[in-house]
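The lines below spell out each chain.
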Amino acid sequence: RHKFWETQPVGQFRDAADSSLPDGAIEPPTPLSEVRADPYPLPAAFEWYTCDLDDDALLTDLYALLAHNYVEDDENMFRFNYSPAFLRWALRPPSFFRAWHIGVRARESKKLVAFISGVPARIRARDDVVRMAEINFLCVHKKLRSKRLAPVLIREVTRRVHQENIWQAAYTAGVVLPTPITTCRYWHRSLNPKKLIDVGFSRLGPRMTMSRTVRLYKLPEAPLTPGFRQMELRDVAAVTRLLRAYLAKFVVAPDFDEMDVEHWLLPREDVVDSYLVESPETHEVTDFCSFYTLPSSVLNNANYATLKAAYSYYNVSTKTPLQQLMNDALIVAKQKNYDVFNALDVMENESFLKELKFGPGDGQLHYYLYNYRIRNGIKPSELGLVLL
Ligand code: NHW
Ligand code: EN5
């Protein structure tokens, strides 16, 4: 059934019941001298192209490839529209490898027709901190689908990751592959219900009028928690301490240091937003919340071209109840003109979703590890990892 995935060191559906297999690597590393030295062959009309994200022309081409060919919902009403600034941020964390930004171009026209990327990360599974690649932005142009190009891209990124002596990877997908470590649900909190209904993102509930719906989702003008403010560079050490202590509670989570926190969580306009609570008395940083910005193109709508969505990222509460903290996140997202606030049922998110009027979406997100087995998988609430 899975001609490609059956050949890969991933949990196989047929082994799912076998709890005698140990946690950890499925196959051992091979000596670097045995890692294939040259790129996998592509069909003759195409060539590999290592992307330079400093190059504005390349970035524009990558943006356009994804804006027209990347992920859509199951009814093809919306398509992710990652901004150029977001792509630069997502692909250039501390110690990134340029060789892991892999394009495929048409030899003749030089048009970018496919892409896959990896970035390095330390990810902890139980008590094992593992150097991994986070794989994302796998995309094949719509006109080149179902020609088995994706397996070539995946093998090539695997080879380039192996060349850095890294043997594990983490990735998410909306489709079921062998074998998820866990399956999460998307939840959505309307901020601009009228627009969401107009574009078909949500529906008017039974026995609900538009004005009742608008009232239902109304939020205060400004955050309510005293000491709630944007994160700044001077907060990196305190946020790192808070986040490390919090992520230690989960079975699978990133192992962030201060450099990671500075990159992934320091606010960048229209890319990532982070807020914290600084105690007005002690000036201690006690709570933290963040979201990233990922608009979707609205396909085939006469009135609107894009939906502005915020996605819950990492949140930590020690003094302010998580529900109150996330209510403030909703308030600032509304102030900043987002149409919807999305969250997965990971970490402790279940504790605020219903209370804050999030509703379950029709999309799921499956989490995967490559060459790493976790017996019997984990629950979404045991997962402390959010990929972009
Ligand atoms: S998930 C988003 C993926 N992208 C999209 O959905 C964009 C729209 N779709 C497309 O561009 C986030 C194409 O449909 C794609 C497939 C390119 C998805 N992951 O070329 P063929 C990520 O980026 C398998 C993995 O004919 P296609 C994470 C499929 O099961 N595999 O199909 C990426 C089949 O294999 P099988 C996927 O439609 C993680 C084969 O591809 C997949 O023209 C990558 C068919 O290939 C997916 N999302 O192109 C893995 N979708 O065995 C990283 C389909 O079933 C692994 N397939 O026959 C780790 C690597 C690093 C290791 C380092 C140690
Ligand atoms: C790799 N990083 O399906 C990501 N989104 O629910 C790749 N549904 O937006 C994998 N279908 O439920 C991504 N509205 C996998 C997700 C792909 C995109 C996707 C879903 C997630 C989504 C919306 C729109 C559905 C349109 C028709 C949805 C209902 C919202 C409603 C608001 C009010 C309260 C109840 C829920």
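Residues numbered from 1 in each chain as written. Chains lettered and ligands numbered in written order. Predicted model: local features only at pLDDT ≥ 70, side-chain atom pairs only at ≥ 80, totals over all residues. Heavy atoms only, no water.

*Asks:* Just to check I follow, could you spell out the domain arrangement of the protein for this structure?
*Replies:* Buried accessible area, meaning the area lost when the parts come together, often serves as the stated size of an interface. Domain parsing of the protein yields domain 1 (5-181) and domain 2 (183-363). Summarising the inter-unit geometry, the C-alpha centres of domain 1 and domain 2 are found 27 Å apart. Taken together, the contacts link 26 residues of domain 1 with 35 residues of domain 2. For the pair domain 1 and domain 2, the two sides together bury roughly 2600 Å², of which 59% comes from carbon and sulfur. Broken down residue by residue, the surface that domain 1 buries against domain 2 is led by Phe78, Trp89 and Arg124, which jointly contribute 30%. Counting across the interface, domain 1 meets domain 2 through three salt bridges. Ionic pairing is found between Asp260 and Arg122, a salt bridge with its closest N-O pair at 3.0 Å. Viewed at the interface, domain 2 and domain 1 are joined by 10 residue pairs in polar contact (both at pLDDT 80 or more). Of all the secondary structure elements, the ones that give two or more residues to the side of domain 1 that touches domain 2 are β2 (78-80), α2 (84-91) and β4 (112-125). When grouped by side-chain class, the residues that make up the side of domain 1 that touches domain 2 number 15 nonpolar, three polar and eight charged. (Domains from an automatic or database assignment. Contact = heavy atoms within 4.5 Å. Buried area = accessible area lost by both parts, 1.4 Å probe. Salt bridge = Lys/Arg side-chain N within 4 Å of Asp/Glu carboxyl O. Polar contact = N/O pair within 3.5 Å; in protein donor to acceptor, adjacent residues only side chain to side chain. Helix = DSSP H or I, 4+ residues; strand = E, 2+ residues; numbered from the N terminus. Nonpolar A, V, L, I, M, F, W, Y, C, P; charged D, E, K, R; others polar.)

*Asks:* What is the right way to look at the site of ligand 1 in this model?
*Replies:* Around ligand 1 lies a shell of 32 residues, among which His2, Phe4, Trp5, Leu138 and Ser146 are the nearest. At 2.9 Å, a side-chain N or O of Arg148 approaches an oxygen atom of ligand 1. For ligand 1, whose accessible area on its own is 1200 Å², the fraction buried by protein is 88%. In terms of residue count, helix α3 (residues 149-162) provides more of the shell around ligand 1 than any other element does, seven residues in total. Taken together, the residues of the shell around ligand 1 sort by class into 20 nonpolar, eight polar and four charged. (Near = heavy atom within 4 Å. Areas by Shrake-Rupley, 256 points an atom, 1.4 Å probe, with all protein chains shown as cover.)

*Asks:* Looking at this model, I keep getting lost on the pattern of salt bridges. Mind explaining?
*Replies:* Opposite charge on two side chains permits them to pair, given that their charged atoms come into close proximity. One pass over the structure, following the stated rule, counts 22 salt bridges. A salt bridge links Arg88 to Asp56, with the shortest nitrogen-to-oxygen separation between them at 2.8 Å. Linking Arg88 in helix α2 with Asp56 in helix α1 (residues 56-69), this pair joins segments that are 32 residues apart in sequence. The exposure class of Arg88 is partly exposed, given its relative accessible area of 27%. In this structure, Asp257 and Arg122 form a salt bridge, with 3.6 Å as the shortest nitrogen-oxygen distance. Placement of Asp257 in the loop between β9 (252-254) and α7 (258-265) and of Arg122 in strand β4 is noted, with a sequence separation of 135 residues between them. Judged by relative accessible area, Arg122 falls into the partly exposed class, the value being 29%. Connected through shared salt-bridge partners, Arg122, Arg244, Asp255, Asp257 and Asp260 make up one network. (Buried < 20%, exposed > 50% of the residue type's maximum accessible area, 1.4 Å probe, protein only.)

*Asks:* Quick question: what am I supposed to make of α7 here?
*Replies:* Because an α-helix packs 3.6 residues into every turn, residues spaced three or four apart end up facing the same way. Listed in full, the buried residues belonging to α7 are Asp260, Val261, His263, Trp264 and Leu265. Those residues of α7 hidden inside the fold are in contact with α2, β4, α6 (236-247), β10 (272-278) and β11 (285-293). Its side-chain oxygen at 3.0 Å from the backbone nitrogen of Met259, Asp257 defines the N-terminal cap of α7.

*Asks:* So what exactly am I meant to see when it comes to the site of ligand 2 here?
*Replies:* In the region of ligand 2, 25 residues are neighbours, and Asp73, Glu75, His188, Asp362 and Leu388 sit closest. A distance of 2.7 Å separates an oxygen atom of ligand 2 from a polar atom in the side chain of His188. At a separation of 2.9 Å, an oxygen atom of ligand 2 approaches a polar backbone atom of Gly363. With the chains in place, 85% of the 880 Å² that ligand 2 exposes on its own is no longer accessible. When contributions to the shell around ligand 2 are tallied by element, the ones reaching two or more residues are β2, β6 (168-173), β7 (182-190) and β17 (359-370). At seven residues, the largest contribution of residues to the shell around ligand 2 is made by β17. Considered class by class, the residues forming the shell around ligand 2 number 11 nonpolar, 10 polar and four charged.

*Asks:* How do you make sense of the side chain of Asn136 when you look at a structure like this?
*Replies:* Checked against the element boundaries, Asn136 lands in strand β5 (residues 128-140). Residue classification places Asn136 among the buried positions, given a relative accessible area of 16%. Polar contacts involving the side chain of Asn136 include one to the main-chain carbonyl oxygen of Leu388, which spans 2.7 Å. In contact with Asn136, other than residues within four places in its own chain, are Tyr70, Ile116, Ser117 and Leu388.

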